[in-house]
Number of protein chains: 2
Amino acid sequence: MSEKSVKTINKIEELAKETLKQIDNKKNPQINVPLRSLSNTWFDEKEGILRMGDKAQKRYFMNLSHTKKFMQTLLVADECKKLINSGKTTSIRDMFYSLKRPVANSTKDHVFADQNESDPILEDLEVTLDVMREDLHLFANSKGALVGNITIKDSGDTIDARKMGSGGWAIPSIVEPEVIEFKDVDADYILFIEKDAVWRRFNEDKFWKNHNCIITHGQGMAARGNRRLIHRLAKEHNLPVYCLVDNDPWGFYIYSVLKQGSINLAFESKRMAVPKARFLGLSSFDEEKFKIPPQVRLPLQQVDIKRCKEMLNYEWFKNKTWQTEIKHMLDKGVKLEIEALSRRGITFITDEYLPTKMETKDWLD
Amino acid sequence: MSEKSVKTINKIEELAKETLKQIDNKKNPQINVPLRSLSNTWFDEKEGILRMGDKAQKRYFMNLSHTKKFMQTLLVADECKKLINSGKTTSIRDMFYSLKRPVANSTKDHVFADQNESDPILEDLEVTLDVMREDLHLFANSKGALVGNITIKDSGDTIDARKMGSGGWAIPSIVEPEVIEFKDVDADYILFIEKDAVWRRFNEDKFWKNHNCIITHGQGMAARGNRRLIHRLAKEHNLPVYCLVDNDPWGFYIYSVLKQGSINLAFESKRMAVPKARFLGLSSFDEEKFKIPPQVRLPLQQVDIKRCKEMLNYEWFKNKTWQTEIKHMLDKGVKLEIEALSRRGITFITDEYLPTKMETKDWLD
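Throughout this description, residue numbers start from 1 for each chain and increase along the sequence as written. Here chains are named by letter from A upward and ligands by number from 1 upward, in the order in which they appear as written. Predicted model: local features are reported for residues with pLDDT of at least 70 only, side-chain atom pairs are reported and counted for 80 or more only, and whole-chain, interface and lining totals are derived from all residues.

Quick word on the overall build of chain A
Then step 1. Secondary structure assignment for chain A yields 13 helices and 17 strands.
Then step 2. Restricting the calculation to C-alpha atoms gives the radius of gyration, and the globule rule supplies 2.2 Å times the number of residues raised to the power 0.38. Over its C-alpha trace chain A gives a radius of gyration of 23 Å, about what one expects of a compact globule, namely 21 Å for 365 residues.
Then step 3. If one aligns the C-alpha atoms of chain A with their principal axes, the spans along those axes are about 75 × 45 × 40 Å.
Then step 4. Considering chain A as a whole, with its 365 residues, one finds that 45% of them fall into the buried category.
Then step 5. Within chain A, contacts between residues separated by at least 24 positions form 71% of all contacts whose residues are at least 6 apart in sequence. For the purposes of this entry, the term helix denotes a DSSP run of H or I that reaches at least four residues, the term strand denotes a run of E that reaches at least two, and both are numbered from the N terminus. Three exposure classes are used, based on other C-beta atoms lying within 10 Å of a residue's own C-beta, which is placed from the backbone: buried for 20 or more, exposed for 12 or fewer, and partly exposed in between. It is the C-beta atoms, placed from the backbone, that decide contacts: two residues are in contact if theirs lie within 7 Å.

Comments concerning the interface of chain B and chain A
Then step 1. Contacts between the two partners involve 46 residues from chain B, matched on the other side by 46 residues from chain A.
Then step 2. Put simply, the parts of the chain that give the side of chain B that touches chain A at least two residues each are β5 (90-91), α3 (92-98), β9 (157-160), β10 (169-170) and α5 (196-204) of chain B.
Then step 3. A per-element tally of the side of chain B that touches chain A places α5(B) first, with five residues.

Thoughts on the pairing of strand β14 (residues 241-244) of chain A
When a strand is regular, its side chains alternate between the sheet's two faces.
Residues and elements named next belong to chain A.
Then step 1. Side chains Val241 and Cys243 project from β14 onto one buried face, and the interleaved Tyr242 and Leu244 project onto a second face that is buried too.
Then step 2. Sheet topology note: the strand β12 (residues 189-193)/β14 ladder contains four bridges and is parallel. Residue pairing across strands places Ile190 opposite Val241, the latter belonging to β14.
Then step 3. Paired strands, as defined in this entry, are two strands with at least two bridges between them according to DSSP. Across three bridges, the pairing between β14 and strand β15 (residues 278-281) is parallel. Directly across from Leu244, in β15, lies its bridge partner Gly281.

Here we look at the relation of the copies chain B and chain A
Then step 1. Once chain B is rotated about the relating axis by 180° and shifted along it by 0.0 Å, it coincides with chain A to within an RMSD of 0.0 Å. Taken together, the rotation angle and the small translation identify this as a two-fold axis.
Then step 2. Comparing interface residues between copies, 100% of those in chain B also lie at the interface in chain A; the contact surface is shared. In superposing the copies, a least-squares fit is computed on C-alpha atoms, taking residues whose pLDDT is at least 70 in both.

Some details on the domain arrangement of chain A
Residues and elements named next belong to chain A.
Then step 1. Domain delimitation follows an automatic or database domain assignment. Considered domain by domain, chain A is made up of domain 1 (3-28 + 63-139) and domain 2 (145-359).
Then step 2. Summarising the inter-unit geometry, the C-alpha centres of domain 1 and domain 2 are found 35 Å apart.
Then step 3. At the junction of the two partners, domain 1 supplies six residues and domain 2 supplies seven residues.
Then step 4. The residue classification treats Ala, Val, Leu, Ile, Met, Phe, Trp, Tyr, Cys and Pro as nonpolar and Asp, Glu, Lys and Arg as charged. All others, Gly included, are polar. Across the side of domain 1 that touches domain 2, the residue classes tally to three nonpolar, one polar and two charged.

Let's talk about the environment of Ala222(B)
Residue and element names in this part refer to chain B.
Then step 1. Topologically, Ala222 is positioned in the loop between β13 (213-217) and α7 (224-236).
Then step 2. By C-beta crowding, Ala222 is classed as buried, having 26 other C-beta atoms within 10 Å.
Then step 3. Note: C-alpha distance between Ala222 and Gly144 (78 residues apart in sequence) is 7.4 Å.
Then step 4. Discounting chain neighbours no more than four positions away, the residues touching Ala222 are Gly144, Phe192, Arg227, Ile254 and Leu258.

Section: the sheet that holds strand β11 (residues 180-183) of chain B
All names here are of chain B.
Then step 1. Strand order in the open sheet formed by three strands is β9-β8-β11, with antiparallel pairing between adjacent strands. Two strands in the sheet have a free side with no partner beyond their single neighbour: β9 and β11. Across the sheet, the axes of successive neighbouring strands diverge by a mean angle of 25°, strand direction being ignored.
Then step 2. Where strand β8 (residues 151-154) lies against β9, four bridges are found, and the strand directions are antiparallel. Within β9, the position partnered with Lys153 by the bridge is Thr158. Between the N-to-C directions of two axes lies an angle of 0 to 180 degrees, each axis being a line fitted to C-alpha atoms and, for a helix, fitted only over the stretch in contact.

Re the sheet that holds strand β9 (residues 157-160) of chain A
All names here are of chain A.
Then step 1. The strand order across the open sheet formed by three strands is β9-β8-β11, and the pairing between neighbours is antiparallel. The sheet terminates laterally at β9 and β11 (180-183), the two strands that pair on one side only. The average angle at which neighbouring strand axes cross in this sheet is 25°, direction not considered.
Then step 2. Of the strand pairs in this sheet, strand β8 (residues 151-154) and β11 are connected by four bridges, and their pairing is antiparallel. Paired with Lys153 across the two strands is Glu181, which belongs to β11.

Some words on the confidence of the model for chain A
Then step 1. On average, residues of chain A score 94 in pLDDT, and 100% of them reach the 70 mark or higher.
Then step 2. Interface confidence for the predicted complex, given as ipTM, is 0.89, next to a pTM of 0.91. By definition, pLDDT measures how confident the predictor is in each residue, and it falls between 0 and 100.

Let's talk about the pairing of strand β7 (residues 145-148) of chain B
All names here are of chain B.
Then step 1. On β7, burial covers both faces: Ala145 and Val147 on one face and Leu146 and Gly148 on the other are all buried.
Then step 2. In this sheet, β10 lies alongside β7 in antiparallel orientation, the contact comprising two bridges. Across the sheet, Leu146 pairs through a bridge with Trp169, a residue of β10.
Then step 3. Note: β7 against β13, four bridges, orientation antiparallel. Its bridge partner lying in β13, Ala145 is registered against His217.

A closer look at unusual backbone geometry
Residues and elements named next belong to chain A.
Then step 1. For the peptide bond that leads from Gly281 to Leu282, omega is -5°, which places it in the cis range.
Then step 2. Note that Leu282 resides in the loop between β15 and α10 (286-289).
Then step 3. The backbone of Asn212 sits at a positive phi, close to 45°, despite the residue not being glycine.
Then step 4. Mapped onto the elements of the fold, Asn212 is located in the loop between α6 (207-210) and β13 (213-217).

Describing helix α7 (residues 224-236) of chain A
All names here are of chain A.
Then step 1. Under the convention used throughout, the expected extent of a helix is 1.5 Å for every residue step, that is, one less than its residue count. With 13 residues, α7 should reach 18 Å at 1.5 Å per residue; the first-to-last C-alpha distance of 18 Å fits that figure.
Then step 2. Taken residue by residue, α7 has Arg224, Gly225, Asn226, Arg227, Arg228, Leu229, Ile230, His231 and Leu233 as its buried positions.
Then step 3. Elements that come into contact with the buried residues of α7 comprise β11, β12, β13, β14, α8 (249-260) and α9 (269-272).
Then step 4. Of the residues flanking the end of α7, it is Asn238, one or two places downstream, whose phi is positive at about 50°.

Here we look at the environment of Asp304(A)
Residue and element names in this part refer to chain A.
Then step 1. With respect to the secondary-structure elements, Asp304 resides in helix α11 (residues 302-313).
Then step 2. Considered as a pair, Asp304 and Trp250 are 54 residues apart in the sequence and their alpha carbons are 8.2 Å apart.
Then step 3. Non-local contacts of Asp304, meaning those with residues more than four positions away in its chain, are made with Asp248, Pro249 and Lys335.

What follows is the structure, given as structure tokens:
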């Protein structure tokens, strides 16, 4: 068993022992669960990441409105301990089914009736123990692929990402050092691309070879495995990270989650966020700069405008360049997809757009 | 340029020449576009696939309600010819943006205003020329991954799917013989799994090694690349194909599209469908057979019941075993996810469920 697994099991056992001690002392058993809410989230400007504050909620066994959650928390902890001991990993959906069973002596009430109930308890356990979901041997769905100037050791297999054809290496959901090691990292930077179809263009044009980098895509928002992988690469190998997303509020959001973390899971930022990630494009100013014909514009919808206005108020979008960027989008009233660049030619994006952006350091921090 | 590309370009040029000839002869230019509708779809029982009938629609240039589509069809054909000549591939979204431009002498009307307009024209072109989208160098999004006892040559790179770690090889969207070759196929069969999280269980337990097979997942419905890959493997290497999906109408549907093809794209069945694919589970009878506790059942929703009833009437679900299967689901009023098996233990699915199913040949054709 890895050192980390031993530590995680110790933490679970500490939680259980503390509860037993409280019972022995005839006290009302309680668990301190840090609050995962907007009100307990703050932007750490120095580190450049979202953080969870120190507000916590006491969860009591002898409190009618807490009892069920108290039981659920301990049962999830128990399942996780079994899981780590078995050396296996499983999905959060499996975890739900493992505990979709009647509460002792009840034929009606289930420990969990729905995954919407078990997922938050799992997140409570993560913050209570201060461990990542992956340390509990649990994973969510995986998405995304990678190619480039790096060799990856995955579960003992050596994967040369320079020789992964048109498909690439599918990024798994658990990329902790026990499973994934990095070898021969020759790349100068990592390029994260929102869309797999655009990533395919970059791979077909061997962009990673010609520009000595690693390219990865998220099939939309980057999944946990992808975020953690980029975080580790950026940190352990001091690699710059560049993001290429649509020029719309959703693209901005994908970038900001990768960079600073998300409000919902602020407690994970320190192990997932990539504060030095840079926004390469598409910028609201690219249309003029790169002479993109106006016909490929898409009008901003009401929901886009609303989202832009929300973003203008986020602490982490408060610097002048981002305010200018978002306001320019609102002023123009249009958004632009990455694929719109193909109006200038299929390989315009790899031949001209990206190289120009990199050479002129035309990015946002 | 590959032989196939030369053939495809010839077909495009034939279409253009025929149009020019009609103009020279002062005839109203027309294109014969086969109909892609339910009324022009039939189930070929002998081959076991859905097929497109021989109804076609004449698309005239000199007909006000046809003129725009006539122009669009020729412009898409022209773009595809350029694409094939360039040796590049691109996404159907890129294709839309390439033609999102004003019609000559108009500032208002665009060739295409929306991708919902360009995709059907592209499909029209596919059936008119009798080529696959991939032959036109176009791709949709990719999904899914693969590991197992096979080596794959992808764009010149050799990928040993026995050494792909926990992530696997990401299946690209274009898997034609020009790009993807199969080497050292030692597997006895292919197992297609609906869910990536379940596939991960199979990979972690090295199921493909212990049972000498290839395992692939679809992240839900199998994408074109995945279907075509399984089709080629099944045909070229005479491999049986087994499907593992949720026990619900959506799972049945995923299986049936993989096996017989879909109504919308019936013209592709002969190059995509896998008529010998077998439905391994989860069957509506598995709950009893494998002693799955009733707590993990989910009630059928109205939409499930409606879908089941529709399926009972499809020609390709008319055989006795499938009628019994679907009716049993309706009688019980419940559905079951693959993950429900983990109630019997995390590795129950790989240790007991799958091996028992295979040994007792407990599948549906």
